[in-house]
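These are the residues of each chain, in order.
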Amino acid sequence: MSDPKNPVPGDRCIDLTDLELHDITPDMARRLLKLRDGHAQAVQTLLLADPAVRKQAGLSEAEVQDLANTWIAYQRIEQVLPAVRKLLEVVEETRLVHGADIAMKLGEMAHQVRRRGAKIQNGDAVLAPFETLLDYQFGPVERQ
């Protein structure tokens, strides 16, 4: 495992506390301007330009510094994104595995309850507490 501040795909601990994260709606995301190819070179052109030339061009040093800070955050996100994607993939796959295990156990237990309820004299009393389980597993029609 690598440093949580500098994760690699496969790491299970990722520290993004240095980033200000934004939670936006899909509608907001659709309205945002999108970067195009060449954006990195365009940013570098502004950041590497001589401050005197930027001033002659009418650029505010505060805005250039704001761009520099935003660019650093953007690059940080690009750095951690592969590890975040892999962690999400592993968590989703783990959820699927646990879901399959739960489904299998529910099925086995429902079959056991139904078999036992059919064999003993007071079977309805055994089946009644498990009505929700049996409805889930077999459906209301098949259980009757």
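Rules and cut-offs
Residues numbered from 1 in each chain as written. Predicted model: local features only at pLDDT ≥ 70, side-chain atom pairs only at ≥ 80, totals over all residues. Heavy atoms only, no water. Helix = DSSP H or I, 4+ residues; strand = E, 2+ residues; numbered from the N terminus. Buried < 20%, exposed > 50% of the residue type's maximum accessible area, 1.4 Å probe, protein only. Contact = heavy atoms within 4.5 Å. Phe/Tyr/Trp six-rings, centres within 6.5 Å; stacked < 30°, edge-to-face > 60°. Lys NZ or Arg CZ within 6 Å of the ring centre and 35° of its normal. Patch = residues over 30% accessible without salt bridge, like charges linked within 9 Å, V, L, I, M, F, W, Y side chains within 5 Å. Areas by Shrake-Rupley, 256 points an atom, 1.4 Å probe, with all protein chains shown as cover. Salt bridge = Lys/Arg side-chain N within 4 Å of Asp/Glu carboxyl O. Core = buried A, V, L, I, M, F, W, Y, C linked by side-chain atoms within 4.5 Å. pLDDT = per-residue confidence, 0-100.

1. Overview of the environment of Val64
And step 1. With respect to the helices, strands and loops of the structure, Val64 is situated in helix 4 (residues 61–119).
And step 2. Since its relative accessible area comes to 9%, Val64 is described here as buried.
And step 3. Among residues more than four places away in sequence, those in contact with Val64 are Leu46, Leu47, Arg54 and Leu59.

2. A closer look at the side chain of Arg76
And step 1. Mapped onto the fold, Arg76 is located in helix 4.
And step 2. Of the residues examined, Arg76 reaches a relative accessible area of 10% and is grouped as buried.
And step 3. Dropping the residues within four chain positions of it, Arg76 is found in contact with Lys5, Asn6, Asp15, Leu16, Asp18 and Leu19.

3. Description of the packing of aromatic side chains
Two numbers describe a pair of aromatic rings. These are the distance of the centres and the angle of the planes.
And step 1. Taken as a whole, this structure holds one aromatic pair when the rule is applied.
And step 2. Here the aromatic rings of Trp71 and Tyr74 are separated by 5.6 Å at their centres, their planes lie at 10 degrees, and the arrangement is stacked. A residue pair is termed a helical-turn pair when its members lie 3 or 4 positions apart in one helix, as Trp71 and Tyr74 do in helix 4 at three residues.
And step 3. Take Trp71: its relative accessible area is 10%, and that puts it in the buried class.
And step 4. If you follow Arg114 out to its NZ or CZ, it ends over the ring of Phe138, 3.8 Å from the centre.

4. A look at the environment of Leu48
And step 1. Mapped onto the elements of the fold, Leu48 is located in helix 2 (residues 39–48).
And step 2. Relative accessible area serves as the criterion here: at 67%, Leu48 is assigned to the exposed category.

5. Some points on a nonpolar patch on the surface
And step 1. Together, Ile24, Met28 and Leu32 line one region of the surface with nonpolar side chains, adding up to about 250 Å² of accessible area.
And step 2. Considering the arrangement of structural elements, one finds Met28 in helix 1 (residues 26–31).
And step 3. A relative accessible area of 37% places Met28 in the partly exposed class.

6. A short note on the nonpolar core
And step 1. The biggest cluster of nonpolar side chains holds six residues, and these are Ala110, Val113, Leu127, Leu133, Leu134 and Phe138.
And step 2. Contributing elements (two or more residues each) for this core: helix 4 and helix 6 (131–143).
And step 3. Considering every element that reaches this core, the biggest residue donor is helix 6, with three residues.
And step 4. In this structure, Leu133 is in contact with Leu106, Met109 and Ala110, ignoring residues within four places of it in sequence.

7. Some details on the confidence of the model for the chain
And step 1. Looking at the chain as a whole, its pLDDT mean stands at 94, while 96% of the residues score no less than 70.
And step 2. The secondary structure element of the chain with the lowest average pLDDT is helix 6, at 82, and the one with the highest is helix 2, at 98.

8. Considerations on the pattern of salt bridges
And step 1. Summed over the entire model, instances satisfying the criterion amount to eight salt bridges.
And step 2. Of the charged contacts in the structure, one is a salt bridge between Asp15 and Lys5, with a shortest N-O distance of 3.6 Å. With Asp15 in the segment before helix 1 and Lys5 in the segment before helix 1, the pair connects residues that are ten residues apart, well separated along the chain.
And step 3. Between Arg31 and Asp27 there is a salt bridge whose closest N-O contact spans 3.1 Å. A residue pair is termed a helical-turn pair when its members lie 3 or 4 positions apart in one helix, as Arg31 and Asp27 do in helix 1 at four residues.

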